[in-house]
Amino acid sequence: MNRSLDHTTSLRIAIQKSGRLTDKTTDLLHGIGIEFDNYKRNLMVKTRNFDVELLLLRDDDIPEYVQDGICDLGFVGANEVLEKDSKVSVLRGLNYGNCRLAVASQKESELLKPTQFDGKKIATSYPILTKRFFENVGVSIEIVEISGAVEITPQLHLADAISDLVSTGGTLKANGLIERFTILESETKLIQTQQALSEGKQQLIQKFLQRIDGYQTAKKSRYILMNAPTESVETIKVLLPSMKSPTIMPLAQTGMVAIHSVIPYEQFWDVMEQLQDAGASDIVMLPIESMIA
Ligand code: PRP
Ligand code: ZN
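A quick note: this is a predicted structure, and the numbers were derived from the prediction, not measured. (Residues numbered from 1 in each chain as written. Chains lettered and ligands numbered in written order. Predicted model: local features only at pLDDT ≥ 70, side-chain atom pairs only at ≥ 80, totals over all residues. Heavy atoms only, no water.)

**Observations regarding the site of ligand 1**
The environment of ligand 1 is formed by Arg20, Asp59, Asp164, Leu165, Val166, Ser167, Thr168, Gly169, Gly170 and Thr171. Taking Asp59, its side chain carries an N or O atom lying 3.3 Å from an oxygen atom of ligand 1. Ser167 places a polar main-chain atom, nitrogen or oxygen, 2.8 Å from an oxygen atom of ligand 1. Considering ligand 1 on its own, with 510 Å² of exposed area, one finds that the protein chains cover 69% of that surface. Broken down by element, the shell around ligand 1 gets its largest block of residues, 3 residues, from strand 9 (residues 161–166). (Near = heavy atom within 4 Å. Polar contact = N/O pair within 3.5 Å; in protein donor to acceptor, adjacent residues only side chain to side chain. Areas by Shrake-Rupley, 256 points an atom, 1.4 Å probe, with all protein chains shown as cover. Helix = DSSP H or I, 4+ residues; strand = E, 2+ residues; numbered from the N terminus.)

**Re the packing of aromatic side chains**
Aromatic rings in a pair are described by how distant their centres are and how their planes are angled relative to each other. With the rule as written, the count across this model stands at 8 aromatic pairs. A ring pair is formed by Phe117 and Phe181, whose centres lie 5.7 Å apart and whose planes are at 85°; its orientation type is edge-to-face. Of this pair, Phe117 sits in the loop between strand 6 (99–106) and strand 7 (121–124) while Phe181 sits in strand 10 (residues 177–186); the two residues are 64 residues apart in sequence, bridging distant segments of the chain. Centre to centre, the rings of Phe268 and Trp269 are 4.9 Å apart; their planes meet at 80°, and the pair counts as edge-to-face. Members of the aromatic cluster, connected to one another through ring pairs, are Phe117, Phe133, Phe134 and Phe181. Positioned above the aromatic ring of Tyr265, the side-chain terminus of Arg222 is 4.1 Å from the ring centre. (Phe/Tyr/Trp six-rings, centres within 6.5 Å; stacked < 30°, edge-to-face > 60°. Lys NZ or Arg CZ within 6 Å of the ring centre and 35° of its normal.)

**What about the domain arrangement of the protein chain?**
Frequently, the measure chosen for interface size is the accessible area that the parts lose on association. We note that the domain assignment places domain 1 (11–97 + 188–218), domain 2 (99–186) and domain 3 (221–287) within the protein chain. Centre-to-centre, using C-alpha coordinates, domain 1 lies 38 Å away from domain 3. (Domains from an automatic or database assignment.)

See below:
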């Protein structure tokens, strides 16, 4: 691999500098074998073993940097991509940083349904998505555009309600607000610029995507091991929701085998009980670091 960071082949990737997505994004990058450090102190970080440099930005700025081709790829919430109406390609949904853009009003407020908002003021950092939502339901509202601390505006009588991102709901609760309805569901997306890229960069992106896919499949899977009497093998094979045929090995103890397989994590508990009923014992489940088909 060419390790010199020349501009035509080295990928530049935008990630959030500090916020909800930062830790999970850096975990993912480390998880796919990209090594770097000091990302909290620098705006630009060169990685040690992959032709990638990271640009640390405010999440709101990421769609534009990618659209303009300053960065080739970016990790950012769908909420930002849609709010900015960015011309970028969404390569992958990454199933972390899940949140929703929702409308919330004060506990005692009578504003509960979209149709009740005619002529009301809504404070938000997402004016485009919020306006579009109410236009679609034929309700005319006034937007109070605010870049931070949107949740205190109803208390200050600056707005009748807010439209903001909700993840755990902690921020709303702390401010006496109740979530009323959802405008948009969001998760982290991997986006790519639509500007022309060199052959070298395109190849790097393919490699990068293959690693991400392997990492994501691994996250959703578990390696499962168990012992079972030989006569149970056929029943157990049917029960295992394996991606591939299981590995079966004889044990020193006659009449017993060890069965190894990879299964989707979400099915583990249901399957485990059925496996026990079928005669399996010593069932062990292990996480998987990465999987390449
Ligand atoms: C969002 C939103 C709230 C918080 C809600 O901010 O503006 O402040 O998250 O999360 P909770 O429901 O878990 O309390 P975000 O992380 O997008 O930060 P930013 O506005 O600085 O980009
Ligand atoms: Zn933001």
